[in-house]
Amino acid sequence: MKFNHAEIIEMLSAEGDEMQQLLDKAHAVRVARAGEGIYLRGLIEYSNQCRKNCLYCGIRKDMPGLERYTLTHDQVVGAAAYALREGYGSVVIQAGEITSKQYTDAVERIVRDVKALTLESVGAAPPEGERWQDTLGITLSLGEQSLDTYRRWFGAGATRYLLRIEASDRKLFSQIHPRTIVHSYDDRLRAIMDLRRAGFQVGTGVMIGLPGQTPAQLAGDLTFMERMGIDMCGMGPYIECAGTPLAGGQVPPLQWRMDMTLKMVAVLRLMMPDINIAATTALEAIDPQGRARALRSGANVMMPNITPQDGLSGYKLYDNKPEPGCVDLSMPSIRRGVPGDSKHFTSVAGKSE
Ligand code: 5AD
Ligand code: SF4
């Protein structure tokens, strides 16, 4: 559906019954256009090293007292094998932004080896009557990289990439990032376009309830995603993280951020009926039912954290972040054993699920 700026702002201001009607409508559109199934991605937090210093983020380069880790090759491939055995269909490999030849090579090798896993090689046995895809879908979320690096990772077998714009309004973007050369709005845009050129299904997203953020900017975020023709979206509430420069800024109450996130998901679903929209982990930091509510408001993807723990606790992007493993996977609509590509992407590219 096509809406103008004023109509989007109007929908985002809905409260009470009106808000519930919006969420219900988005749920119906999701089921009709993106499918009944909820897709799972196993999230592997590969490294908490990062060269950037985003003002809101708990693993920013200058975060004091944070122990840094990078999983080994075998830990990542092992976590992916677990995901395949459990019928996740797909994994997301996420890390801070690291740019070195050595790292690019290491990621390429990981992607290759994860792609080579098969149901048989990991000893997976789908339940009676279910057919599972033989290999995993691979999504990367590793920040801004060169087009050449994107091409190499795509060539190794990754097919989707998540790179949030964080705030599509230039001014707000500059308020939540340091004014240095590595934090450039134009470079972020360039990177999102390069992902397309490299052949990826592209996901982006924003944070909701940032200090100083206006309803007009939030509406602008939705039209930005529509204009970019994205295939996937992950957006969640901004949650203050103690020790970061942005913590302590004036922000709306948590409940407002929760409701606004649900409404943003719902309106985006109406605007882009066939994309994949994630019910993000940050929702759970506000309300244990947060993700489940988003899945009834237009979202169709859930990303349970499957990072091997082995004594790690360092991927704390914000306060109250849920620990790996605390997700209820008993929902009947969860689809196991399928990669769950964005229908938006496959319908354009003429491929099937
Ligand atoms: N609150 C909510 N989300 C955050 N992220 C980083 N810091 C925070 C925070 N304080 C999100 C960013 C990033 C993703 C990996 O985590 O949007 O893209
Ligand atoms: Fe690094 Fe991403 Fe955090 Fe920014 S948001 S500091 S790029 S991990």
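Residues numbered from 1 in each chain as written. Chains lettered and ligands numbered in written order. Predicted model: local features only at pLDDT ≥ 70, side-chain atom pairs only at ≥ 80, totals over all residues. Heavy atoms only, no water.

### Some words on the pairing of strand S6 (residues 201-204)
- Of the two faces of S6, the one holding Gln201 and Gly203 and the one holding Val202 and Thr204 are both buried throughout.
- Bridging between S6 and strand S8 (residues 232-237) involves 2 bridges; their strand directions are parallel. Within the sheet, the bridge partner assigned to Thr204 lies in S8 and is Cys233. (Buried < 20%, exposed > 50% of the residue type's maximum accessible area, 1.4 Å probe, protein only. Helix = DSSP H or I, 4+ residues; strand = E, 2+ residues; numbered from the N terminus. Pairing = 2+ DSSP bridges.)

### Notes on the packing of helix H1 (residues 5-12) against helix H9 (residues 254-271)
- Where H1 meets H9, the axes come as close as 9 Å, and the angle between the chain directions of the two elements is 140°. Comparing their axes, H9 and H1 come out oblique. In this structure, H1 crosses over H9, and the sense of that crossing is right-handed. In contact with Ile8, Met11 and Leu12 of H1, H9 contributes Met260, Lys263, Met264, Val267, Leu270 and Met271.
- Per-class residue counts for the contact of H1 with H9 are 8 nonpolar, no polar and 1 charged. (Axes fitted to C-alpha atoms, helices over the stretch in contact; angles between N-to-C directions. Parallel < 35°, antiparallel > 145°, perpendicular 65-115°, else oblique. Left-handed = near helix turned anticlockwise from the far one by under 90°. Contact = heavy atoms within 4.5 Å. Nonpolar A, V, L, I, M, F, W, Y, C, P; charged D, E, K, R; others polar.)

### Some remarks on the site of ligand 2
- Taken together, Cys50, Lys52, Cys54, Tyr56, Cys57, Ile59, Arg60 and Gly96 make up all the residues around ligand 2.
- In the shell around ligand 2, the residues fall into 5 nonpolar, 1 polar and 2 charged. (Near = heavy atom within 4 Å.)

### Some details on helix H4 (residues 101-115)
- The terminal C-alpha atoms of H4, which comprises 15 residues, lie 21 Å apart, in line with the 21 Å expected from a rise of 1.5 Å per residue.
- Contact partners of the buried residues in H4: strand S2 (42-47), helix H3 (73-85), strand S3 (90-95), strand S4 (137-141) and helix H5 (147-156). (Expected span 1.5 Å × (residues − 1).)

### Let's talk about the site of ligand 1
- Inspection of the region around ligand 1 gives Tyr56, Cys57, Gln94, Arg164, Glu166, Met207, Pro237, Tyr238, Ile239, Leu317 and Tyr318 as its neighbouring residues.
- Ile239 is positioned with one of its backbone polar atoms (N or O) 2.7 Å from a nitrogen atom of ligand 1.
- Coverage of ligand 1 by the protein amounts to 87% of the 400 Å² it exposes when considered alone.
- Each residue belonging to the shell around ligand 1 can be placed in one class, and the counts come to 8 nonpolar, 1 polar and 2 charged. (Polar contact = N/O pair within 3.5 Å; in protein donor to acceptor, adjacent residues only side chain to side chain. Areas by Shrake-Rupley, 256 points an atom, 1.4 Å probe, with all protein chains shown as cover.)

### Focus on the state of the cysteines
- By the definition in use, this model includes 0 disulfides.
- For the unlinked cysteine Cys241, the closest cysteine sulfur is that of Cys57, found at 7.3 Å. (Disulfide = S-S within 2.5 Å.)

### Let's talk about H3
- A rise of 1.5 Å per residue sets the reference length of H3, with its 13 residues, at 18 Å; its end C-alpha atoms lie 18 Å apart and thus fit the reference within 8%.
- When H3 is considered as a whole, its buried residues turn out to be Val76, Val77, Ala79, Ala80, Ala81, Ala83 and Leu84.
- Directly beyond the C-terminal end of H3, a positive phi value near 80° is found at Gly87.

That is the geometry; function is a separate question.
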